[in-house]
Amino acid sequence: MQNSTSTSSSIPIILQRGFEPYPQTFDAMRAFTDARNATTPNEFWIVEHPPVFTLGLGADQSHVLAARDIPVVQTDRGGEVTYHGPGQVVIYLMMDLRRSHPKARLFAREFVFKIEQAVIDTLAHYGLAGERKEGAPGIYIGDGPWKGAKIAALGLKVRGNGCTYHGVSLNVDMDLAPFSWINPCGYAGLATVDMKTLGVQATLNDVQQRLAQHLQDLLSVTHETL
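Report on the accompanying structure. These numbers were taken from a predicted model, which means no experiment stands behind them.

## So, the overall build of the protein
Right, on to step 1. A count of helices and strands for the protein gives three helices and 12 strands.
Right, on to step 2. The C-alpha radius of gyration of the protein comes to 18 Å, within 12% of the 17 Å expected for a compact globule of 226 residues.
Right, on to step 3. The C-alpha extent of the protein, read off along each of the three principal axes, is 70 × 35 × 30 Å.
Right, on to step 4. Residue burial in the protein is summarised as follows: out of 226 residues, 49% are buried.
Right, on to step 5. In the protein, the share of contacts with a sequence separation of at least 24, taken over all contacts with a separation of at least 6, comes to 69%.
Right, on to step 6. When the accessible area of the protein is evaluated, it comes to approximately 10,600 Å², of which 53% is carbon and sulfur surface.
Right, on to step 7. Taking the average place of the 19 positive charges on the side chains of the protein and the average place of its 22 negative ones, the gap between the two points comes to 6 Å.

And the structure:
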């Protein structure tokens, strides 16, 4: 008698939280992660923030060159300083990396790789070439006059129990000036760009949904039962 294999997929739920102050989202992420258990569905939170600079756990405050009237918030994610503001897609990834059959387990490095791939796939849809840089998380423009400019940032918190929060941001149609008031991700003089500057005419909602779909496709967990 042969064993039969059935396969089911745990697809993260996509939630649109709208325009929300960063501290409110930050508190909600931690509360959600504190309360979740082995059966809590994974979720992606789509958010657009008012202007804010956020610092990672190891961030050097000196990389904030001139905050001006923009609040600076200390967080518990990895990475250095970054900027969030209107016209930017932000998706927070409320995931349990230890869930599923061991063969399907996602570890942190693979998790980051897949998030970056979702951004690359999203940019490709709009005719833009995105690329990774060794030792510098995020996605950078791969060709043309803006080659090497950063267009997407990545920062995560992975708790000891494998649960994650924070996530990824992609610049769509922004006021880019605040990026010049910091050393983005700790790199002095790093050029930052958005999709509109590169000639893409797309609504924020369209890019939000497309990036969320690519993340969902790449991060859905498959469970196999013999």
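## Details of the sheet that holds strand E8 (residues 130-133)
Right, on to step 1. Read from one edge of the open sheet, seven strands run E2-E3-E7-E11-E10-E9-E8, paired in mixed fashion. The sheet is open, and its two edges are formed by strand E2 (13-19) and E8, each paired on a single side. Strand-to-strand, the axes of this sheet are offset by a mean angle of 20 degrees, without reference to chain direction.
Right, on to step 2. Where strand E7 (residues 88-94) lies against strand E11 (residues 164-171), five bridges are found, and the strand directions are antiparallel. By the bridge assignment for E11, Gln88 is matched with Asn171.
Right, on to step 3. Packed onto the sheet, helix H1 (residues 22-35) meets E2, strand E3 (43-48), E7 and E11 and runs at close to 145 degrees relative to E11.

## Structural notes on the packing of helix H2 (residues 108-125) against helix H3 (residues 204-219)
Right, on to step 1. Contact geometry for H2 and H3: axes closest at 9 Å, N-to-C directions at 140 degrees. Between H2 and H3, the angle is such that the two are oblique. Crossing geometry of H2 relative to H3 is assigned as right-handed. Note on element contacts: H3 touches H2 through Val207, Arg210, Leu211, His214, Leu215, Leu218 and Leu219, opposite Phe111, Lys114, Ile115, Gln117, Ala118, Val119, Asp121, Thr122 and His125.
Right, on to step 2. Split into classes, the residues belonging to the contact of H2 with H3 amount to nine nonpolar, four polar and three charged.

## Looking at the pairing of E3
Moving residue by residue along a regular strand, the side chains alternate between the two faces of the sheet.
Right, on to step 1. Of all six residues that make up E3, six are buried, and the element is covered over most of its length.
Right, on to step 2. Where E2 meets E3, six bridges bridge the pair, whose relative direction is parallel. The residue bridging Gly18 from the neighbouring strand is Val47, located in E3.
Right, on to step 3. A crossover links E2 with its parallel partner E3, the connecting element being H1, and its sense is right-handed.

## Notes on the pairing of E11
Right, on to step 1. Judged by how many residues are buried, E11 sits mostly within the fold: eight of eight residues are covered.
Right, on to step 2. Bridge count between strand E10 (residues 150-158) and E11: seven bridges; the pairing is antiparallel. Counterpart to Lys157 in the pairing with E11 is Tyr165.

## As for unusual backbone geometry
Right, on to step 1. Positioned with a positive phi, Arg68 is a non-glycine residue whose angle comes to about 55 degrees.
Right, on to step 2. By the element assignment, Arg68 lies in the loop between strand E4 (52-55) and strand E5 (72-74).
Right, on to step 3. For Arg68, a relative accessible area of 60% translates into the label exposed.
Right, on to step 4. Positive phi values are uncommon outside glycine, yet Cys185 reaches one of about 55 degrees.

Criteria and thresholds
Residues numbered from 1 in each chain as written. Predicted model: local features only at pLDDT ≥ 70, side-chain atom pairs only at ≥ 80, totals over all residues. Heavy atoms only, no water. Helix = DSSP H or I, 4+ residues; strand = E, 2+ residues; numbered from the N terminus. Rg over C-alpha atoms; globule rule 2.2 N^0.38 Å. Buried < 20%, exposed > 50% of the residue type's maximum accessible area, 1.4 Å probe, protein only. Contact = heavy atoms within 4.5 Å. Areas by Shrake-Rupley, 256 points an atom, 1.4 Å probe, with all protein chains shown as cover. Lys, Arg positive; Asp, Glu negative; His and termini not counted. Charge placed at Lys NZ, Arg CZ, Asp CG, Glu CD. Pairing = 2+ DSSP bridges. Axes fitted to C-alpha atoms, helices over the stretch in contact; angles between N-to-C directions. Parallel < 35°, antiparallel > 145°, perpendicular 65-115°, else oblique. Left-handed = near helix turned anticlockwise from the far one by under 90°. Nonpolar A, V, L, I, M, F, W, Y, C, P; charged D, E, K, R; others polar. Right-handed = clockwise from strand over helix to strand, strands pointing away.

Read these as spatial facts, not as claims about activity.
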